[in-house]
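Per-entry structural report
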Amino acid sequence: MEQKRFYLSETDKKIAGVCGGIAEYFNVDSLLVRVAFLLFAFSFGGGLIAYIVLWLCAPKRIGQ
């Protein structure tokens, strides 16, 4: 059985594919993830930092 992993999305991306990858991982609409990141960014300021960290650290899907 293949282990579920988080990857940057190659098909559902606006900037880097972070929100699309999270949406694919949790099987939810990517718009909900994007709205959550925006709310988090404007409310606490951590959304932008979290996005950049995920962008730099998350792997790209290779060979699929």
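Let me begin by describing the structure that accompanies this report. (Residues numbered from 1 in each chain as written. Predicted model: local features only at pLDDT ≥ 70, side-chain atom pairs only at ≥ 80, totals over all residues. Heavy atoms only, no water.)

The next point concerns the packing of aromatic side chains. As enumerated under the stated definition, the model contains three aromatic pairs in all. Between Y25 and F26, the aromatic rings sit 4.9 Å apart at their centres with planes inclined by 85°, giving edge-to-face as the arrangement. You can call F26 exposed: its relative accessible area is 55%. Relative to W55, the ring of Y51 has its centre 6.2 Å away and its plane inclined at 70°; by these criteria the two rings are edge-to-face. Of this pair, Y51 and W55 both sit in helix α3 (residues 46-57), four residues apart, which is roughly one turn of the helix. (Phe/Tyr/Trp six-rings, centres within 6.5 Å; stacked < 30°, edge-to-face > 60°. Buried < 20%, exposed > 50% of the residue type's maximum accessible area, 1.4 Å probe, protein only. Helix = DSSP H or I, 4+ residues; strand = E, 2+ residues; numbered from the N terminus.)

In this section: helix α1 (residues 18-26). Of the positions making up α1, those classed as buried are V18, C19, G20, G21, I22 and A23. Where α1 ends, the next residue or the one after it, N27, has phi of about 55°, a positive value.

Any link to function would need more than the numbers given here.
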